[in-house]
Amino acid sequence: VQLQASGGGLVQPGGSLRLSCAASGRAINNHVMGWFRQAPGKEREYLSSIFRNGGSISYADSVKGRFTFSRDTAKNTVYLQMDSLKAEDTAVYYCAAGRGIIWSAQRDAGAYDYWGQGTLVTVSS
């Protein structure tokens, strides 16, 4: 699976952005799809994921209620709608895909097989 993330940019605090992750090579419906981010000097942080075959969506507490994960299987693309952005949301955002991930491992970056190149989100006034 090849993943291409896009949609990052500069946004003011309180603003919104929508990230996209277009997949090619394999259908995303057969994979667990996840969003992670990594701020300078910090470890990669889990944000959200959707389980395979139309499974449920999970969120990290840090973004629950502000970020929304969605999927368009016809376009083989997943999205991360980010609202009420804060300065601490500044990071490089990555999408990831994994085929054999079990439910309990979907928040673990090491469980994913494929990664997009990352897109930078900067929240600043």
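Our structure is the block above this text.
**A word on the pairing of strand E7 (residues 67-72)**
Argument step 1. Across 6 bridges, E7 lies against strand E8 (residues 77-82) in antiparallel orientation. Its bridge partner lying in E8, Phe69 is registered against Leu80.
Argument step 2. As consecutive antiparallel partners, E7 and E8 are separated by 4 residues, and within that stretch Asn76 has a phi angle of approximately 55°, a positive value.

**A short note on the sheet that holds strand E1 (residues 2-6)**
Argument step 1. Here 4 strands make up an open sheet; going across it, the order is E1-E3-E8-E7 and the pairing antiparallel. Only two strands of the sheet have a single partner each, and these edge strands are E1 and E7. On average, each strand axis in the sheet is tilted by 15° relative to the strand beside it, whichever way the strands run.
Argument step 2. Pairing between E1 and strand E3 (residues 17-24): 5 bridges, direction antiparallel. Each residue of the ladder has a partner; that of Gln4, found in E3, is Ala22.

**Some details on the state of the cysteines**
Working definition of a disulfide: a covalent bond connecting the sulfur atoms of two cysteines.
Argument step 1. Within the structure shown, the criterion is met by 1 disulfide.
Argument step 2. One disulfide bridge connects Cys21 with Cys95, the sulfur atoms lying 2.1 Å from each other. Judged by the sign of its S-S torsion, about 65°, the cystine formed by Cys21 and Cys95 is right-handed. Of the two residues, Cys21 sits in strand E3 while Cys95 sits in strand E9 (residues 91-98), which places them 74 residues apart along the sequence. Like Cys95, Cys21 is buried.

**Looking at the environment of Ser124**
Argument step 1. Residue placement: Ser124 occurs in the segment after strand E11 (119-123).
Argument step 2. A relative accessible area of 38% places Ser124 in the partly exposed class.
Argument step 3. Apart from residues lying up to four places away in sequence, Ser124 is in contact with Leu10, Val11, Gln12 and Pro13.

**Looking at the nonpolar core**
Argument step 1. Formed by 37 residues in total, the largest nonpolar core has its most connected members in Leu3, Met33, Trp35, Phe67, Leu80, Met82 and Tyr93.
Argument step 2. Secondary-structure elements contributing two or more residues to this core are E1, E3, strand E4 (32-38), strand E5 (45-50), E7, E8, E9 and E11.
Argument step 3. Examining the composition of this core, we find that 5 residues originate from one element, E9, more than from any other.
Argument step 4. With residues near it in sequence (within four places) discarded, Phe67 still touches Arg37, Leu47, Tyr59, Leu80, Gln81, Met82, Asp83, Leu85, Asp89 and Tyr93.

**Describing the packing of aromatic side chains**
Argument step 1. Tallied over the full model, the rule gives 6 aromatic pairs.
Argument step 2. On the numbers, 5.7 Å between centres and 75° between planes, the contact of Phe36 with Tyr46 is edge-to-face. You can see Phe36 sitting in strand E4 and its partner Tyr46 sitting in strand E5, a full 10 residues away along the chain. The residues Phe36 and Tyr46 share a single accessibility class, namely buried.

**Focus: the pattern of salt bridges**
Argument step 1. According to the stated counting rule, one finds 4 salt bridges in the structure shown.
Argument step 2. For Lys64, the salt bridge goes to Asp61, with nearest N and O atoms at 3.4 Å.
Argument step 3. For Arg66, the salt bridge identified is with Asp89, shortest N-O distance 2.8 Å. Here Arg66, found in the loop between strand E6 (57-59) and E7, pairs with Asp89, found in the loop between E8 and E9; they are 23 residues apart in sequence, far enough to count as distant. When sorted by exposure, Arg66 lands in the same class as Asp89, which is buried.
Argument step 4. Via salt bridges that share partners, Arg37, Glu45, Arg66 and Asp89 belong to a single interconnected network.

Cut-off values and rules
- Residues numbered from 1 in each chain as written.
- Predicted model: local features only at pLDDT ≥ 70, side-chain atom pairs only at ≥ 80, totals over all residues.
- Heavy atoms only, no water.
- Pairing = 2+ DSSP bridges.
- Helix = DSSP H or I, 4+ residues; strand = E, 2+ residues; numbered from the N terminus.
- Axes fitted to C-alpha atoms, helices over the stretch in contact; angles between N-to-C directions.
- Disulfide = S-S within 2.5 Å.
- Buried < 20%, exposed > 50% of the residue type's maximum accessible area, 1.4 Å probe, protein only.
- Contact = heavy atoms within 4.5 Å.
- Core = buried A, V, L, I, M, F, W, Y, C linked by side-chain atoms within 4.5 Å.
- Phe/Tyr/Trp six-rings, centres within 6.5 Å; stacked < 30°, edge-to-face > 60°.
- Salt bridge = Lys/Arg side-chain N within 4 Å of Asp/Glu carboxyl O.

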